[in-house]
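# Report on the structure
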Amino acid sequence: FDSAVTYSNGNRRALADTAGTIAAYSTLSIPNGASMKVYFELSIDTLWDTNGRLKIGCAKLAQTNTSATTTGYVSYRDDGDMIDEGSTSTSWGATFQNTGTDYVGVAIETDGSNVDVWFAKNDSWQASGDPGAGTSPAATMTQDDNIVIFGNFDENGSSTSGTLAVEADDWQGTAPTDFVALNT
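Summary of the structure given here. Fair warning: this is a prediction, and the values are worked out from it, not measured in the lab.

### Regarding the overall build of the protein
- The helix and strand tally for the protein stands at zero helices and 15 strands.
- Of all 184 residues assigned to the protein, the portion counted as buried reaches 50%.
- A sequence separation of at least 24 residues applies to 64% of the contacts in the protein between residues at least 6 apart.
- Of the roughly 7600 Å² of accessible surface on the protein, 42% is carried by carbon and sulfur atoms.

This is how it looks when you write it as structure tokens:
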């Protein structure tokens, strides 16, 4: 856990109120080599302004750096950009900057050798992705490590926070067919 992040609500809410880039990693992970279909969500509680950034995604356990030029992770950023293994796709999806109303759904499918990742804003899968059908993932990574989920807060000295929903009872949206809660 990053000491600049305050966790609450069973470590499902993370508040970053220090300037700089801060990553909040979940203690839940997908074991290396596992075949799973999981879903979770992030709702935006506070977002400082459009100069700050909020990212949600997944990373290989050994990855400790989630900068835009680093491999080993995939994320969807509040300005609509998607970062895939160190490459940024600008204006990839819809922005999610409305506190209290916007949430991001993340579907992850692992088959023991690959990790497919899809992102949705308010139940609308981005870039024609369809995790229920297994088509058009936002990104695919090689599965050679445990996969952890993270929220990344890149802000300029004011509070940014989000709540992670890993339990089905906490979801605002609907998981794709055959995808289960991350905590199961």
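### A short note on the pattern of salt bridges
- According to the stated counting rule, one finds four salt bridges in the structure shown.
- Put simply, D79 and R77 hold a salt bridge, and the shortest N to O gap is 2.9 Å.
- Its relative accessible area of 21% is what places D79 among the partly exposed residues.
- The partner of R77 in a salt bridge is D81, and the shortest N-O contact between them spans 2.6 Å. In this structure, R77 and D81 share a single accessibility class: buried.
- Among the ionic contacts, a cluster of salt bridges with common partners joins R77, D79 and D81.

### Quick notes on the side chain of D116
- Considering the arrangement of structural elements, one finds D116 in strand β10 (residues 114–121).
- Buried within the structure, D116 lacks any salt-bridge partner; its nearest side chain of opposite charge belongs to K37, at an N-O separation of 9.3 Å.
- At a separation of 2.6 Å, a polar atom in the side chain of D116 contacts the side chain of T140.
- Once residues within four sequence positions are removed from consideration, D116 is found in contact with A107, I108, E109, P137, A139 and T140.

What counts, and at which threshold
- Residues numbered from 1 in each chain as written.
- Predicted model: local features only at pLDDT ≥ 70, side-chain atom pairs only at ≥ 80, totals over all residues.
- Heavy atoms only, no water.
- Helix = DSSP H or I, 4+ residues; strand = E, 2+ residues; numbered from the N terminus.
- Buried < 20%, exposed > 50% of the residue type's maximum accessible area, 1.4 Å probe, protein only.
- Contact = heavy atoms within 4.5 Å.
- Areas by Shrake-Rupley, 256 points an atom, 1.4 Å probe, with all protein chains shown as cover.
- Salt bridge = Lys/Arg side-chain N within 4 Å of Asp/Glu carboxyl O.
- Lys, Arg positive; Asp, Glu negative; His and termini not counted.
- Polar contact = N/O pair within 3.5 Å; in protein donor to acceptor, adjacent residues only side chain to side chain.

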